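# Analysis of the macromolecular model
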Amino acid sequence: MTGDYGTNSFSLREENSSLDQGRREVSQPGSDEGALDLVQVSGRIKWFDVAKGFGFIVPDNGMPDVLLHVTCLRREGYQAANEGARIVVEAVHRPRGLQAFRILSLDESTALHPSELPLPRTHVQVVPTSGLEPAVVKWFNRLRGFGFLTQGEGKPDIFVHMETLRRYGIAELKPGERVFVRFGDGSKGLMAAEVRLADMALPHSH
């Protein structure tokens, strides 16, 4: 089923490989900080996935993307970095490329709201046949633009597409997160037509 809906699988493998390497290489603050050969980089957030714990910066000067690890963000007091946000970092050279070591500034005023982001190209809409029912996120991959919800053992998974989330102002889902979903029959099984976070106000029609 995932083959029909997934996109950018080659790119995903590449970036996951970068993540694996980045996780092993990520620098922790310590006594060797002064010995690092740091390069200042200004750019914008290409994307950042909190669940995966990393993302990438597109430098203004045309250099290759810079890996941004969640530990670097949190060390400077940030929890996330939204797509489009302006950022200035000091980066360190690693075998696979530059990796952000220290954040000098992060300007979220240029970040994009989820509804402003480009829509994935493979979305197929579905007519809902259910009410707004509780479910739990089984998994969700923002790079590939889709994931699955579950209503428990013995019930079929519900496919959820990134475009559906953006329509309701949701940037991403995390495994184990509770949601409300309205779904219908898609070409490969059940498919979400509406998704609301459990802590969001539900429509009066519910």
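Description of the structure in this document. Remember, predicted model here, so these are calculated numbers, not experimental data. (Residues numbered from 1 in each chain as written. Predicted model: local features only at pLDDT ≥ 70, side-chain atom pairs only at ≥ 80, totals over all residues. Heavy atoms only, no water.)

### Here's the deal with the overall build of the protein
In terms of helices and strands, the protein carries four helices and 10 strands. Reading the protein from its N terminus to its C terminus gives the helix and strand order α-α-β-β-β-α-β-β-β-β-β-α-β-β. Residues counted as buried form 44% of the 206 residues belonging to the protein. Contacts in the protein between residues at least 24 apart in sequence constitute 63% of all its contacts with a sequence separation of at least 6. As presented, the protein carries roughly 10,600 Å² of accessible surface, and 49% of it is formed by carbon and sulfur atoms. (Helix = DSSP H or I, 4+ residues; strand = E, 2+ residues; numbered from the N terminus. Buried < 20%, exposed > 50% of the residue type's maximum accessible area, 1.4 Å probe, protein only. Contact = heavy atoms within 4.5 Å. Areas by Shrake-Rupley, 256 points an atom, 1.4 Å probe, with all protein chains shown as cover.)

### Section: the packing of aromatic side chains
Taken as a whole and assessed by the stated rule, the structure comprises eight aromatic pairs. Between W139 and F146, the aromatic rings sit 5.5 Å apart at their centres with planes inclined by 65°, giving edge-to-face as the arrangement. With a relative accessible area of 29%, W139 lands in the partly exposed category. For F146, a relative accessible area of 0% translates into the label buried. With a centroid separation of 6.2 Å and an interplanar angle of 90°, the aromatic rings of F146 and F148 are classed as edge-to-face. Per residue, the accessibility class of F146 equals that of F148, and both read buried. Ring-pair connections join several aromatic residues into one group, and the members of that group are W139, F146, F148 and F159. Stacked on the ring of F101, the Lys or Arg R75 has its end atom at 5.1 Å from the ring centre. (Phe/Tyr/Trp six-rings, centres within 6.5 Å; stacked < 30°, edge-to-face > 60°. Lys NZ or Arg CZ within 6 Å of the ring centre and 35° of its normal.)

### Considerations on the pattern of salt bridges
Any two side chains of opposite charge can pair if their charged atoms end up close together. What the rule picks out here adds up to seven salt bridges. Salt-bridge contacts for E90 lead to R102; the nearest nitrogen and oxygen are separated by 2.2 Å. With E90 in strand β4 (residues 86–94) and R102 in strand β5 (residues 97–107), this residue pair connects regions lying 12 residues apart in the sequence. With a closest N to O distance of 2.7 Å, K138 and D157 form a salt bridge. One end of the pair, K138, is in strand β6 (residues 133–141); the other, D157, is in the loop between β7 (146–150) and β8 (158–161), with 19 residues separating them in the sequence. (Salt bridge = Lys/Arg side-chain N within 4 Å of Asp/Glu carboxyl O.)

### Remarks on the nonpolar core
Taken as a class, soluble globular proteins show a tendency for nonpolar side chains to be buried jointly. If you look at the biggest cluster of nonpolar residues, it comprises 20 residues, and the most contacted ones within it are I45, F48, I57, L68, I87, V89 and I103. For this core, the secondary structure elements donating two or more residues are β1 (38–49), β3 (66–69), α3 (70–75), β4 and β5. Top contributing element to this core by residue count: β5, with four residues. Apart from the residues lying within four places of it in its own chain, the contact partners of I87 are V41, S42, G43, R44, I45, I57, L68, I103, S105 and L106. Grouped together as the second largest cluster of nonpolar side chains are 17 residues, F140, L149, V160 and V195 included. (Core = buried A, V, L, I, M, F, W, Y, C linked by side-chain atoms within 4.5 Å.)

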